[in-house]
Structure formats: C-alpha cells, structure tokens
Amino acid sequence: MSVKFQVLPRRNPQDILAPDKYYAAAIADGQTDLDTLAEMIAYQCTVTKPDCYAVLMALEHNIISELRQGRIVKIGSLGNFQVGISSLGMEFPEDVSSNVIISNRIWFRPGKQLRSLLKSITYRKNG
C-alpha cells in the first residue's frame, strides 16, 4: 500500500513575479465513515456492528462535549484533541479579551504509533 500524490504548481506569495515551483500534494484515496469503521471493528471482535456504531457515535459526541469545555481529550495511544485559538496582538494585557480572538481550530497530536506510521509510508505518483 502507498499514498498517492499529484504534482501541483504553487506561486511564491512573497514574490508573485517569480516562476511557479512544483510540489507534491497527497491525494485522498476514498474515505471511511463511522458505519464502515463499525463494520470493520465488528469483524475483528465479538461486538456487533450496531454496538460498535453506537460506541463510535458516543465517542464523537463526548469528544465534542469535552472540547467545548476546554479539555484536552486523550484517546489512548491514538493521540490527543485540543481546541486552539489565534488572536490579535494587543499592546497591554488588559486589552486582551475574547473580542480579539480571530480564529480557532482543533489540534490533533498523534500518539507514538501514528507518528511511527508516517516513517513507514511509501508514496507513488498518480498518473
């Protein structure tokens, strides 16, 4: 198995007159949803597909709930989820409030097994 990539031209945003350079960009090769994951898990253990699906849906619900409360959600050796924010820089600490937050995102920090997966992936050019 390998991850497909395509070649894409990109402009230098700091020098728009410079010629484009070409970069490799990973291509997704389909997707796997919760229903499929539940089926896969059911085949690997004694739990039924509906039970697996229910657990995965509850996991999703609880991850969202915990992130809303500002908690780091640790999913065993899979990794951690955490809300991150970006704000405008203010001259004085007392000027920093929720009004200067300009964006937010969910950070995922993979665990050791996922990080080691990246070392073993092979790549192949699409087309």
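As shown above, the structure is provided for reference.
Residues numbered from 1 in each chain as written. Predicted model: local features only at pLDDT ≥ 70, side-chain atom pairs only at ≥ 80, totals over all residues. Heavy atoms only, no water.

## Observations regarding the sheet that holds strand S3 (residues 73-75)
Alright, step 1. Here three strands make up an open sheet; going across it, the order is S3-S4-S5 and the pairing antiparallel. Edge positions in the sheet fall to S3 and strand S5 (101-110), since each has one partner strand and no second. Neighbour-to-neighbour, the strand axes of the sheet open up by a mean angle of 25 degrees, direction not taken into account.
Alright, step 2. The pairing of strand S4 (residues 79-87) with S5 spans nine bridges and is antiparallel. Within the sheet, the bridge partner assigned to serine 86 lies in S5 and is serine 103.
Alright, step 3. Together, S3, S4 and S5 form the strand contacts of helix H2 (residues 49-68), whose direction differs from that of S3 by roughly 150 degrees. (Pairing = 2+ DSSP bridges. Helix = DSSP H or I, 4+ residues; strand = E, 2+ residues; numbered from the N terminus. Axes fitted to C-alpha atoms, helices over the stretch in contact; angles between N-to-C directions. Contact = heavy atoms within 4.5 Å.)

## Looking at the state of the cysteines
Alright, step 1. Per the stated rule, a full pass over the model turns up zero disulfides.
Alright, step 2. Here cysteine 45 stays free of any disulfide, with the sulfur of cysteine 52 as its closest cysteine sulfur at 4.8 Å.
Alright, step 3. Accessibility expressed as a relative area gives 37% for cysteine 45, which makes it partly exposed.
Alright, step 4. Exposure remark for cysteine 52: the relative accessible area of 5% places this residue in the buried category. (Disulfide = S-S within 2.5 Å. Buried < 20%, exposed > 50% of the residue type's maximum accessible area, 1.4 Å probe, protein only.)

Honestly, that's just the spatial picture; any functional story needs more than this.
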